[in-house]
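Observations on chain architecture
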Amino acid sequence: MTELFQSSQPIYTQLADRIKRQILRGELLPGDKLPSVREMGIQASVNPNTVSRTYRELEGMSIVETKRGQGTFVTEDESVLTEMREELKQREISQFVKGMQEMGYSYTEIKDGLHTFLQGENGGMNR
């Protein structure tokens, strides 16, 4: 997790997004323990206070839960994880569509291009 951080967004929110993506990819499973604040700080090359803020932010969203004396764990509440997955999907789609619109594409062109891509043309992933 030694990727660089962007200056346009607070580091703690970028770190929270990275953790959410790890959960979505199945790298972190429900009930898994997150690294300690100090360990995560070393892994991400950030101040432990930044990691603490990240964990508090994720706890406020019910994505993780801290058990006193044991550590911080990914929630086992599937509804929270489903909601997080949907929220991230909508955010990515919104950013994609806004970017395409800024380049002058219409909704129809975006939809048709995406459809073609997903059908396997232009390097689509065939998923």
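The structure under discussion appears in the preceding block.
First, a word on what this report is: a plain description of the structure on this page.

Summing up its helical and strand segments, the protein has 5 helices and 2 strands in all. Moving toward the C terminus, one meets the helices and strands of the protein in the order α-α-α-β-β-α-α. For 127 residues, the compact-globule estimate of 2.2 N^0.38 gives 14 Å, and the protein exceeds it by more than 25% at 18 Å. By its C-alpha atoms, the protein is 55 × 30 × 25 Å across when sized along the principal axes. Counting over 127 residues, the protein shows a buried share of 28%.

This part takes up helix α2 (residues 37-44). Taken as a whole, α2 has its buried residues at Met40, Gly41 and Ala44. Viewed along the axis of α2, the buried residues span an arc of 105 degrees, placing them on a single side of the element. Seen from the buried face of α2, the exposed residues on the opposite side, beyond 90 degrees, are Arg38 and Ile42. Where α2 is buried, its residues contact α1 (11-24) and α3 (48-60). Just beyond α2, the residue with positive phi is Ser45, at close to 60 degrees.

On to a nonpolar patch on the surface. Taken together, the side chains of Phe96, Leu114, Phe117 and Leu118 make up a nonpolar region of the molecular surface, amounting to roughly 350 Å² of accessible area. At 3 residues, the largest contribution of residues to the nonpolar patch is made by helix α5 (residues 107-118). A relative accessible area of 31% places Phe117 in the partly exposed class.

This paragraph deals with the nonpolar core. Formed by 19 residues in total, the largest nonpolar core has its most connected members in Ile19, Ile23, Leu34 and Ile63. Taken together, the elements giving at least two residues each to this core come down to α1, α2, α3 and α4 (78-102). The contacts of Ile63, once residues within four sequence positions are left out, are Lys20, Ile23, Leu58, Phe73, Val74, Thr75, Val80 and Met84.

Turning our attention to the packing of aromatic side chains. In this description, an aromatic ring pair is defined by two values, namely the gap between the centres and the angle between the planes. Per the counting criterion, the structure on display carries 0 aromatic pairs. For the cation-ring pair, Lys67 lies above Phe73, with the distance from its terminal atom to the ring centre recorded as 4.7 Å.

An ideal rise of 1.5 Å per residue puts 18 Å on 13 residues; α3 measures up with 18 Å between its terminal C-alpha atoms. Along its buried surface, α3 packs onto α1, α2, β1 (64-67) and β2 (71-74). One side-chain oxygen at the N-terminal end of α3 lies 2.7 Å from the backbone nitrogen of Asn49; it belongs to Asn47. Positioned one or two residues after α3, Ser62 has a phi angle of 65 degrees, which is positive.

The topology assignment puts Thr72 in strand β2. The class of Thr72 is buried, set by a relative accessible area of 8%. Within the local environment of Thr72, its side chain forms a polar contact with the side chain of Thr66, the two groups lying 3.2 Å apart.

Turning next to unusual backbone geometry. For Ser45, which is not glycine, the phi torsion reads 60 degrees and is therefore positive. Looking at the secondary structure, you find Ser45 in the loop between α2 and α3. We classify Ser45 as exposed; its relative accessible area is 61%. The phi torsion at Ser62 lies on the positive side, around 65 degrees, for a residue other than glycine. Note that Ser62 resides in the loop between α3 and β1. Since its relative accessible area comes to 39%, Ser62 is described here as partly exposed.

Here is what the cut-offs are and how they apply
- Residues numbered from 1 in each chain as written.
- Predicted model: local features only at pLDDT ≥ 70, side-chain atom pairs only at ≥ 80, totals over all residues.
- Heavy atoms only, no water.
- Helix = DSSP H or I, 4+ residues; strand = E, 2+ residues; numbered from the N terminus.
- Rg over C-alpha atoms; globule rule 2.2 N^0.38 Å.
- Buried < 20%, exposed > 50% of the residue type's maximum accessible area, 1.4 Å probe, protein only.
- Arc of directions from axis to C-beta.
- Contact = heavy atoms within 4.5 Å.
- Patch = residues over 30% accessible without salt bridge, like charges linked within 9 Å, V, L, I, M, F, W, Y side chains within 5 Å.
- Areas by Shrake-Rupley, 256 points an atom, 1.4 Å probe, with all protein chains shown as cover.
- Salt bridge = Lys/Arg side-chain N within 4 Å of Asp/Glu carboxyl O.
- Core = buried A, V, L, I, M, F, W, Y, C linked by side-chain atoms within 4.5 Å.
- Phe/Tyr/Trp six-rings, centres within 6.5 Å; stacked < 30°, edge-to-face > 60°.
- Lys NZ or Arg CZ within 6 Å of the ring centre and 35° of its normal.
- Expected span 1.5 Å × (residues − 1).
- Polar contact = N/O pair within 3.5 Å; in protein donor to acceptor, adjacent residues only side chain to side chain.

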